[in-house]
Protein chains: 2
Amino acid sequence: MAKPNTPITEHLAYLLAQANREINRQLELRLSKEGVPVEQWRILKVLSDGDGHSMGELADAVLLNHPTLTKMIDRMVSDTLVYRVQDPNDRRKVLMFISDRGKVLCKKLNSLAVDQEEHILESYGDKSTSELKRLLESLIDSSN
Amino acid sequence: MAKPNTPITEHLAYLLAQANREINRQLELRLSKEGVPVEQWRILKVLSDGDGHSMGELADAVLLNHPTLTKMIDRMVSDTLVYRVQDPNDRRKVLMFISDRGKVLCKKLNSLAVDQEEHILESYGDKSTSELKRLLESLIDSSN
DNA sequence: TTGAAAATATTGAATATTCAAGAATTGAAG
DNA sequence: CTTCAATTCTTGAATATTCAATATTTTCAA
């Protein structure tokens, strides 16, 4: 008897990796118009509520581990997109804030990202998109 | 008027990245029992049809770019999990084959991966899982 | 048939990420 | 209080990835 054994393309882990890679590639392409990597857009977006966010909080939110985030923030500080402030209530922490320049950039990036979402809506459909989002959220929930 | 502006957690690109990260982390954890990174499992799995696959073909299938794949294959050749053969029909190409040792390892890895899929089925549900897979496949299709 | 362009894989240098260790601060138990 | 463990962030070394350039082979048009 031949052994079929699930092909890799049927594994959820693989499908997620493939879809993520493709969508991310498209987004990267748009954001590259402003010369900004996807992770930096995420950082700006999280900080654009104007509140201070600690490095740990940020790392979780933008899906980077701590040392990688530290080094990326170093670059963004050099570019004056964000700045550090020591947390007065807990001096182990560093609070990150977005600068005015960061806000301006973030707006441009947002519209590039919205372009992409619209493009997806068109080719993939309104209904599929919201259903996919719902299922992804619930998968993430069930994994915690 | 306050500016709501979609939070990052509602973007499809972000949800995909988050879900992928989480599922991948879990799979990584299982496969680490055999000390093998997820990409190597994918490579072994693709090669386990016994046919020869060129580097380009492989790179596409396992979602790695060429130079990264070349270097990973170097390691796997050292570990005698796979081997290179020059393609007799097109000598620009290198055909990759899985070794007997690779096959044995691949089987162990498969069952670790199946464990994970079962775990997902339990916590996330049969129906959600297959629906999610369907939607991901169709998203990937619509992106080409 | 020849020569230029395309396809395939690898290499080396530049860059980025990760792991493990360190420094500073806080919390909390004795 | 004091001391020891836990938390938070950063650093430096080790590792991995990527970009650009190279070598080889094939394709195909002139």
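Chain A is annotated in an unreviewed UniProt entry as MarR family transcriptional regulator from Bradyrhizobium betae.

Trainee: Even after reading the chapter, I still don't get the relation of the copies chain B and chain A, so can you show me in this structure?
Mentor: Overlaying chain B with chain A gives an RMSD of 0.0 Å, the required rotation being 180 degrees about an axis along which the chain moves by 0.0 Å. On this basis, the relationship between the two copies can be described by a two-fold rotation axis. Both copies present the same face, since 96% of the interface residues in chain B are matched by interface residues at the equivalent positions in chain A.

Trainee: Is there a simple way to explain the packing of aromatic side chains in this structure?
Mentor: Each pair of aromatic rings is reported with the distance of its centres and the angle of its planes. All names here are of chain A. Taken as a whole, this structure holds two aromatic pairs over all chains when the rule is applied. Between tyrosine 83 and phenylalanine 97, the aromatic rings sit 5.7 Å apart at their centres with planes inclined by 20 degrees, giving stacked as the arrangement. Separated by 14 residues along the polypeptide, tyrosine 83 in strand β2 (residues 82–86) and phenylalanine 97 in strand β3 (residues 94–98) bring together distant segments of the chain. Assessed through its relative accessible area of 19%, phenylalanine 97 is described here as buried.

Trainee: Please explain the packing of helix α6 (residues 126–142) of chain A against helix α5 (residues 100–124) of chain B as it appears in this structure.
Mentor: Working note: a packed helix pair is described by the angle between its axes plus the distance between those axes. Close contact between α6(A) and α5(B) brings their axes to 10 Å; oriented N to C, the two are set at 105 degrees. As summarised for this structure, α6(A) and α5(B) are arranged roughly perpendicular, according to the angle between their axes. Contacts between α6(A) and α5(B) pair Leu135(A), Ser138(A), Leu139(A) and Ser142(A) from the former with Ile120(B), Ser123(B) and Tyr124(B) from the latter. The residue makeup of the contact of α6(A) with α5(B), split by class, is four nonpolar, three polar and no charged.

Trainee: Explain the protein's contact with DNA strand D to me, please; I cannot follow it from the model alone.
Mentor: As a matter of local geometry, DNA strand D sits amid 19 residues, with Gly56(A), Lys71(A), Arg92(A), Lys71(B) and Arg92(B) nearest to it. Among the atoms of DNA strand D lying within 4 Å of the protein, the sugar-phosphate backbone contributes 67%. A distance of 2.6 Å separates a phosphate oxygen of DNA strand D from a polar backbone atom of Gly56(A). Between DNA strand D and the protein, one listed contact pairs a phosphate oxygen with a backbone N or O atom of Val94(A) at 3.5 Å. Every element with two or more residues in the surface near DNA strand D is listed here: α3 (55–62) and α4 (66–78) of chain A together with α4 (66–78) of chain B. Here the residues of the surface near DNA strand D sort into four nonpolar, six polar and nine charged.

Conventions used here
- Residues numbered from 1 in each chain as written.
- Chains lettered and ligands numbered in written order.
- Predicted model: local features only at pLDDT ≥ 70, side-chain atom pairs only at ≥ 80, totals over all residues.
- Heavy atoms only, no water.
- Least-squares fit on C-alpha atoms with pLDDT ≥ 70 in both.
- Contact = heavy atoms within 4.5 Å.
- Phe/Tyr/Trp six-rings, centres within 6.5 Å; stacked < 30°, edge-to-face > 60°.
- Helix = DSSP H or I, 4+ residues; strand = E, 2+ residues; numbered from the N terminus.
- Buried < 20%, exposed > 50% of the residue type's maximum accessible area, 1.4 Å probe, protein only.
- Axes fitted to C-alpha atoms, helices over the stretch in contact; angles between N-to-C directions.
- Parallel < 35°, antiparallel > 145°, perpendicular 65-115°, else oblique.
- Nonpolar A, V, L, I, M, F, W, Y, C, P; charged D, E, K, R; others polar.
- Near = heavy atom within 4 Å.
- Polar contact = N/O pair within 3.5 Å; in protein donor to acceptor, adjacent residues only side chain to side chain.

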